[in-house]
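These are the residues of each chain, in order.
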Amino acid sequence: MSFEKALDLLELAEMARASHEGITLEQIRDRFDVSHRTAQRMTDALEAAFPHAILVTTDAERRNRWRIRGTTLATLALKGDRELAALDLAIAQLAGSGDKDTASNLQSLRDRLLAALPERTALRTEADAEALIAAHGLLARPGPTAKVDPKTSEIISEALRGPFRLNFTYRGNRRTVEPYGILVGTRRYLVARDPERADGNLRRFRIDLIEEPLALAESFPIPRDFSLARHAMLGFGSYHTRNEYMETIWRFSTEAAPHAGDWRFHPEQTAVALPDGRLEIRFFASGWVEMAWHLLQWGSHVEVLAPEGLRHLLEEVRSGVVEVFP
């Protein structure tokens, strides 16, 4: 189970515990912004995770309702070391990326879960989780990341929880924005709307360049149809610009095709195996510089068929004409 799915399951369990009537598929769809089928899969996972505590009833409108009977989430038996290992991994990854505030919140959740378990069970579960993490080397996160001030992350998290407008200095200018979420990668970007911009488009701000942030006592509504995951797909990496968003087509050589086939370059990519053994990858995204940085690793075994601007940029980066720092 991925970190995001584990958190969704925990949140769903809290919903079912807090509702006296029980939660419906419609409520799950609205809460998590998912399809009806995904909501059904989530209830299946809820029943599998809490078989002795879940109660399923049918209301007057013939809708199924899921409720967790009177008990605390921490005392429910999940899958022991696997859930704790997932939390430990998430905490380590968040702390390593500079998001100390979220890591601290998850640490508090972890501690409450352990505190509610019988002592012998807690000690065994914690030891098993530590052994599992150590065996797989899960706490190590190699690779470069940009430094982020922990205080800045804490204030941004406060604004996101509101949600409240956020005021900060960015590249020498003071701005007030409406924060929608954070994109995590080599660099971390704040996704926000600038209410002073007439176009109303969302923008991305490098968190390592945000200075003197201040969460204002000014709330704002986030559109119900907004999805951070969908917004993230607009870019190949963390950067996004509208004038670069178009179909991207890469063709890998016969030697590189088996390796490229193991990669997911974009969540909505399509891969076409050509008769001569080469592989074509197609997707819509922007962020040509980040694409060029990645394509450099494939050497001469990849060619850019589209867009033309990316093809020229890659040639210039390869020749050293363009110097763009990460």
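Since the model is a prediction, treat every value here as computed from it, not as a measurement.

### Observations regarding the packing of helix α10 (residues 288-295) against helix α11 (residues 308-319)
Any two packed helices are characterised by how steeply their axes cross, that is the angle between the axes, and by the distance between the axes.
Next up, step 1: Interhelical geometry of α10 versus α11 gives an angle of 55° and a closest axis separation of 9 Å. Taken together, α10 and α11 sit at an angle that is classed as oblique. Crossing geometry of α10 relative to α11 is assigned as right-handed. Within the contact between the two elements, α10 uses Trp-288, Val-289, Met-291, Ala-292 and Leu-295 and α11 uses Gly-309, Leu-310, Leu-313, Leu-314, Val-317 and Arg-318.
Next up, step 2: Residues that form the contact of α10 with α11 fall into these classes: 9 nonpolar, 1 polar and 1 charged.

### Some remarks on the packing of aromatic side chains
Next up, step 1: Summed over the entire model, instances satisfying the criterion amount to 15 aromatic pairs.
Next up, step 2: With a centroid separation of 5.2 Å and 90° between ring planes, the pair formed by Tyr-170 and Phe-205 is classed as edge-to-face. Taken as a pair, Tyr-170 in strand β3 (residues 164-170) and Phe-205 in strand β6 (residues 202-206) lie far apart in primary sequence, 35 residues in all. In this pair, the class of Tyr-170 matches that of Phe-205, namely buried.

### Topic: unusual backbone geometry
Next up, step 1: The residue after Gly-162, namely Pro-163, is reached through a cis peptide bond having omega -10°.
Next up, step 2: In this fold, Pro-163 is placed in the loop between α7 (150-161) and β3.
Next up, step 3: Of note, the bond from Ala-306 into Pro-307 is cis; its omega dihedral lies within 30 degrees of zero at 0°.
Next up, step 4: Turning to its location among the elements, Pro-307 is positioned in the loop between β11 (302-306) and α11.
Next up, step 5: Positioned with a positive phi, Asp-33 is a non-glycine residue whose angle comes to about 55°.
Next up, step 6: With respect to the helices and strands, the residue Asp-33 is situated in the loop between α2 (25-32) and α3 (36-49).

Reading the values: the criteria
Residues numbered from 1 in each chain as written. Predicted model: local features only at pLDDT ≥ 70, side-chain atom pairs only at ≥ 80, totals over all residues. Heavy atoms only, no water. Axes fitted to C-alpha atoms, helices over the stretch in contact; angles between N-to-C directions. Helix = DSSP H or I, 4+ residues; strand = E, 2+ residues; numbered from the N terminus. Parallel < 35°, antiparallel > 145°, perpendicular 65-115°, else oblique. Left-handed = near helix turned anticlockwise from the far one by under 90°. Contact = heavy atoms within 4.5 Å. Nonpolar A, V, L, I, M, F, W, Y, C, P; charged D, E, K, R; others polar. Phe/Tyr/Trp six-rings, centres within 6.5 Å; stacked < 30°, edge-to-face > 60°. Buried < 20%, exposed > 50% of the residue type's maximum accessible area, 1.4 Å probe, protein only.

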